[in-house]
Every structure is written in C-alpha cells, then in structure tokens.
Number of protein chains: 2
Amino acid sequence: MSAVFAASRPSAGGWLAIVGLGPGADELLTPQAAQALAQATDVFGYFPYVERVPQRPGLVRHASDNREELVRARQAIELAAAGRQVVVVSSGDPGVFAMASAVCEALDAGPLAWGEVDVRVLPGITAMLAAAARAGAPLGHDFCAINLSDNLKPWALIERRLRLAVEADFAIALYNPRSKARPEGFARALQVLREAGGGARLVLFARAVTTPDEQLKVVSLAEARPEMADMRTVVIVGSSQTRLIERPAGALLYTPRSAPGMPE
Amino acid sequence: MSAVFAASRPSAGGWLAIVGLGPGADELLTPQAAQALAQATDVFGYFPYVERVPQRPGLVRHASDNREELVRARQAIELAAAGRQVVVVSSGDPGVFAMASAVCEALDAGPLAWGEVDVRVLPGITAMLAAAARAGAPLGHDFCAINLSDNLKPWALIERRLRLAVEADFAIALYNPRSKARPEGFARALQVLREAGGGARLVLFARAVTTPDEQLKVVSLAEARPEMADMRTVVIVGSSQTRLIERPAGALLYTPRSAPGMPE
C-alpha cells in the first residue's frame, strides 16, 4: 500500500485549510494558522469560533451551528473547488473531535471532482494540552482522550472505553463532558470511573483555559460533581499515580514519567 | 480539597518556563513560547532542542543528554530560584512525555525553598497532532498516546496497555517507538497489536514532521516493519474505523467522528 500526501504549501488556486485556533489566547495561535487566516477569502465555523476571526475587507465569514458540521464541510469544499481560499476554523486542534474529520468524511462521500481540491490541516493547541500546561503535567505519562458526546456513539461504547482506560491506568482527558442536551451523561461517566478505579484519583476541571473566564479546580474523583463542568470545560482524570503538589508559588498537578518501582 | 494555581503571567523576579518548541517548523512555535525564549537568560534542554534556540547576547545555553532529565531539571530550578529567567525546552509539547513532568518530580522531591519558584508550562504542538494534521485526521475519534520507551516502565505494562487500547478500539499514538538501546521493543509492540486486533488496521509512520526531512508513510499493520520507524518517528495506529482516501490532490488518512451505526 502506498499513499501520496499533499505538500504542506498551498497551491496557487483555490484551497481549503482546516485551522486550529488554539484554546483561546491569541498568543497560542500558531503563526501558520495566523497566516492562513490572513490569506483566506472565506472562513467557516461554529459561531463563537468564527467570532474569533476579525472582520476585514475581502473576507466573508460563514458562521453556523455546531450540529451542522457536514453541511458546513460541504459548503467549504464547494467554495475551494470554485477557486476561493477557504478556512474552516475549529477551537483547539481541528484534528481532535473537530472539523478535520468532518471535512474528510465529506470528501470521502463527495463527487470525483473534489479529489482535486487542495486540502490542508493546520494543527493547534488542543484543550487538554492547554489545560495540562496550566495545571502542571497531568498528561506526562500514557493517557487517552475520550469525547463524551453521545451524539456520535452509543453510550455503552463510552462506558466500555472509560472502564478499559481505568484498567490501563491511563490519565483520561474528557472532551465535551456536559451539554444541555444530555446533562445526565457526565454524572454516569463519573460513576463508571469511580466503580472502575475507586474515588482517590485526582480530577482537574479546566474551564475556558487561557481566556479571561479561566477557572481551574482539582478534586478527588469521590468529590467530583457533574455541575463542576460545563460546555467550556475539559476534564482530566489523573492516573493512579497523578499527584498534587501544593506550593506557595502555585500548585502543580502532575503524573510522574516512570511507572511505580522503576528507577529514575 | 483545594488547589491554587499560579497566574499565567511570570513574576518580576526569577522564573522557570517549561516551553514546547513544537514539531520543528518555526511557523508552529507559538508566540507565547517565542516570547519566553526572547526573555530568557538561560535555556536548558537536550542538545538538538537547545540548538533550535538561536544564540544571542545575554543568553546562556545549557545543553545536555536526554538521559539527564532530572539533573537538568534541578539545575534549571536552582538558577530560577537564584533570580534568573530560565527556559527548559522540549520538542513538541513539554507535558507529553517530556520535561514538564521531570521538573515537577524535581520540585516534589526538592527543598522547601523551591516552593517559592515561579514555574509555568507553555504548551506546544505535540508530535502526534502535527503528524495527524499532515496526514488528515486519524485522531478524529477517541485515541490514546503511549510512550514505548521502557526506560520508564516495565515492558509487561506496555504490552498490557497496547492490548487494552486495541480492545477499546482507540487510535493509538506511539511515541519513542525505537531507539538504538532497545531495537527489539517496537517489533514486539507491532506483534502485540497484530495479535490483539489483526493486521488490517492502518498505520501512519510520520518522521521529522514539518522539517525538511519529513517522511510520511501509511501501511497496514500486517505490512508494518520495525525499521519503518526511527528516533524521529511518531507512529499512529488507526482504530478499526480509520480509512485512507487516495486523491489526486493528496491522500487523507482519517477516523470518522461517529462510531459505526450512528447517524451523522
């Protein structure tokens, strides 16, 4: 099997870039992403993310709801195929539970002509990395990332993955822990995690990291409550080895690099 | 339990910032990281990463081997405690199998006075996100990240995590797949993955992503060979759902957002 990937530079004609805006702070937007935004004729995305791209002459902003991902992807591809320079924005990294997969799905099911469209994915700082950095290093040993949205998979599969992740003793980053549409899911997830691994693991609730609304909270799994998370929160459940250091200059939550019993 | 984390801005005196340089390309270094590098009086890190920080007047570069992580961490903390503005650099993100945990370990075991040192972790684009972006969106559904270095954990634990990750049907990012010191480990990892999940899963070998030496290769797990990876390679083993689209404008490797049988 062979696969020829595109060059990392855009072609001269139309193109589609799926761009990660990072967690919120401008200082975490990569220069590569900033350049694509500066060159774009059109930007597509969920309302609050498109809001983060300043209006300027020559830029058309297409904002839509977050249940419209495939429709948005198809519209963006159409415009790029017609010669426009199109950016689709995601918060964080576009490849982590975001628009890059939606665009690939649309391309996979689309007309033959879409095979000629120049498509690039430009990475960003995903929420779990920003949250981990603000708290210390809870993802410093093996970890996993699970999307708790059950729009996209059956709840039984989510529970199964949570149990296996505890069994593997991963730190566990939970994306989309809670929404108005399914307020009960996160409570069940916390219960599954306690059943699988007990209540002692440390849990980081990181809300709106790197924005003025940032809030960080660490509790034990026994103390964790569903209302500690909202739609702007990423949750990191530590492994059995994750530790909290209380320090005058600021606490640090971290997972040691070594498994127990190994030399440094 | 409560934890008070430090503000995200550095204090006026000495400080220690653990900084992610991203995968290689300058355009993927965040402005936040660039600013810390510009303000630093001292930079610590593994030789090739310190090389990426240009020499300038007023900057002392302290390069060391990658087996010296705790020693390096202690030296960096000492200088920050003495009032210097110190950066410890990691490739990618410092919180993923890199220096942030090493610094936390050193602080945890260090003298009481180190509790006053201003420590911040500045995130970066970690290798798996850069590799995933170049290839498409293989991490678009639930995934895990496993460090194959067995300096830090017993091989039996690595095998156990690989089997559980396949059972959970995660896409699996493998860091440090291969080194001269343990050439046989990665061959065993591939064998474990095949035993657990068969040979059909797609595997991305992404070497030196975003640098002039970049190489991307996709094969099935049945075709994967240990020599396809070296020390500069991150490997992403797809889930059972990961697909490759061959396109004239460039192939795309991606994992759909939805589990099988779910509506869009």
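Our subject in this report is the structure included herewith. (Residues numbered from 1 in each chain as written. Chains lettered and ligands numbered in written order. Predicted model: local features only at pLDDT ≥ 70, side-chain atom pairs only at ≥ 80, totals over all residues. Heavy atoms only, no water.)

**Here we look at the sheet that holds strand β4 (residues 85-90) of chain A**
All names here are of chain A.
Then step 1. With parallel pairing, 5 strands are arranged side by side in an open sheet as β3-β2-β4-β1-β5. Each edge of the open sheet carries a strand with a single partner, namely β3 (60-64) and β5 (118-122). Shown here is a sheet whose adjacent strand axes are inclined to one another by a mean of 15°, direction ignored.
Then step 2. Here helix α4 (residues 99-109) sits on the sheet and contacts β1 (15-20), β4 and β5; the angle it forms with β1, its principal contact strand, is near 155°. (Pairing = 2+ DSSP bridges. Helix = DSSP H or I, 4+ residues; strand = E, 2+ residues; numbered from the N terminus. Axes fitted to C-alpha atoms, helices over the stretch in contact; angles between N-to-C directions. Contact = heavy atoms within 4.5 Å.)

**Some points on the relation of the copies chain B and chain A**
Then step 1. Screw-axis analysis of chain B against chain A gives a translation of 0.0 Å along the axis, an RMSD of 0.0 Å, and a rotation angle of 180°. This pairing of chains is accounted for by a two-fold axis. Relative to the rotation axis, the closest C-alpha in chain B is found at Cys144 of chain B, a distance of 1.9 Å. (Least-squares fit on C-alpha atoms with pLDDT ≥ 70 in both.)

**Some details on helix α5 (residues 127-135) of chain B**
Residues and elements named next belong to chain B.
Then step 1. Of all 9 residues in α5, 8 are buried; the element is thus mostly enclosed.
Then step 2. For α5, every residue scored as buried is listed here: Met128, Leu129, Ala130, Ala131, Ala132, Ala133, Arg134 and Ala135.
Then step 3. With its phi angle positive at about 140°, Gly136 sits one or two positions after the end of α5. (Buried < 20%, exposed > 50% of the residue type's maximum accessible area, 1.4 Å probe, protein only.)

**What to know about the environment of Phe170 of chain A**
Then step 1. Within the fold, Phe170 of chain A resides in the loop between α6 (155-167) and β8 (171-175).
Then step 2. Among residues more than four places away in sequence, those in contact with Phe170 of chain A are Asp142, Phe143, Cys144, Ala165, Arg201, Gly238 and Ser239 of chain A together with Cys144, Ala145, Ile146, Arg161 and Phe170 of chain B.

**Looking at unusual backbone geometry**
The phi angle of most residues is negative, glycine excepted, and most peptide bonds adopt the trans form.
Then step 1. In this structure, Phe97 of chain A is a non-glycine residue whose phi angle is positive, near 55°.
Then step 2. On the basis of relative accessibility, which here comes to 15%, the residue Phe97 of chain A falls in the buried class.

**Thoughts on the pairing of strand β5 (residues 119-122) of chain B**
All names here are of chain B.
Then step 1. Burial along β5 is two-sided: the face carrying Val119 and Val121 and the face carrying Arg120 and Leu122 are both buried.
Then step 2. Sheet topology places strand β1 (residues 15-20) next to β5; 4 bridges connect them, and they run parallel. Its bridge partner lying in β5, Ala17 is registered against Arg120.

**As for the interface of chain B and chain A**
Then step 1. Taken together, the 98 residues of chain B in the interface contact 98 residues of chain A.
Then step 2. When the two sides are added together, the surface that chain B and chain A hide from each other amounts to roughly 8300 Å², 58% of it contributed by carbon and sulfur.
Then step 3. The tally of links from chain B across to chain A stands at 10 salt bridges.
Then step 4. The salt bridge involving Asp142 of chain B is made with Lys153 of chain A; its shortest N-O contact spans 2.4 Å. (Buried area = accessible area lost by both parts, 1.4 Å probe. Salt bridge = Lys/Arg side-chain N within 4 Å of Asp/Glu carboxyl O.)

**Regarding empty space enclosed by the protein**
Then step 1. Taken as a whole and judged by the stated rule, the model has 1 cavity of 30 Å³ or more.
Then step 2. Approximately 40 Å³ is the volume found for the largest cavity.
Then step 3. Taken together, Leu129, Ala132, Ala133, Gly136 and Leu139 of chain A together with Asp93, Gly95, Val96 and Val121 of chain B make up the full set of residues lining the largest cavity.
Then step 4. The leading source of residues in the lining of the largest cavity is helix α5 (residues 127-135) of chain A, at 3 residues.
Then step 5. For the lining of the largest cavity, the residue count by class is 6 nonpolar, 2 polar and 1 charged. (1 Å grid on protein atoms, 1.4 Å probe; cavity = no way out; pocket = protein on both sides within 12 Å on 5 of 7 lines; lining within 4 Å. Points joined across faces, edges and corners; volume = space filled by probe spheres on them. Nonpolar A, V, L, I, M, F, W, Y, C, P; charged D, E, K, R; others polar.)

**Structural notes on the packing of α6 of chain A against helix α6 (residues 155-167) of chain B**
Then step 1. The interhelical angle for the contact between α6 of chain A and α6 of chain B, taken along N-to-C directions, is 180°, at an axis separation of 9 Å. Here α6 of chain A lies roughly antiparallel to α6 of chain B, going by the angle between them. For the pair α6 of chain A and α6 of chain B, the contacting residues are Arg160, Leu164 and Glu167 of chain A in the first and Arg160, Leu164 and Glu167 of chain B in the second.
Then step 2. A class-by-class count of the residues in the contact of α6 of chain A with α6 of chain B yields 2 nonpolar, no polar and 4 charged. (Parallel < 35°, antiparallel > 145°, perpendicular 65-115°, else oblique.)

**Describing the side chain of Arg161 of chain A**
Then step 1. Position of Arg161 of chain A among the secondary structure elements: in helix α6.
Then step 2. If we ignore the near neighbours within four places in the chain, the residues touching Arg161 of chain A are Ile146 and Lys153 of chain A together with His141, Asp142, Ala168, Asp169 and Phe170 of chain B.

**Quick word on the nonpolar core**
Then step 1. The biggest cluster of nonpolar side chains holds 54 residues, and the ones touching the most others in it are Met128, Phe143 and Leu204 of chain A together with Met128, Phe143 and Leu204 of chain B.
Then step 2. Look past the residues within four positions of Leu204 of chain B in its chain and what remains in contact with it is Ala131, Ala135, Leu216, Lys217, Val218, Val234, Val235, Ile236 and Leu253 of chain B. (Core = buried A, V, L, I, M, F, W, Y, C linked by side-chain atoms within 4.5 Å.)

**Re the sheet that holds strand β6 (residues 136-137) of chain B**
Then step 1. Taken in spatial order, the 3 strands make up an open sheet running β6-β13-β12 (chain B), and their pairing is mixed. Edge positions in the open sheet fall to β6 and β12 (243-245) of chain B, since each of these has one partner strand only.
Then step 2. Alignment of β6 of chain B against strand β13 (residues 252-254) of chain B, held across 2 bridges, turns out to be parallel. The residue of β13 of chain B that forms the bridge with Ala137 of chain B is Tyr254 of chain B.
Then step 3. Seen against the sheet, α4 of chain A touches β6, β12 and β13 of chain B and runs at an angle of roughly 120° to β13 of chain B.

As far as function goes, none of this settles anything; it's purely spatial.
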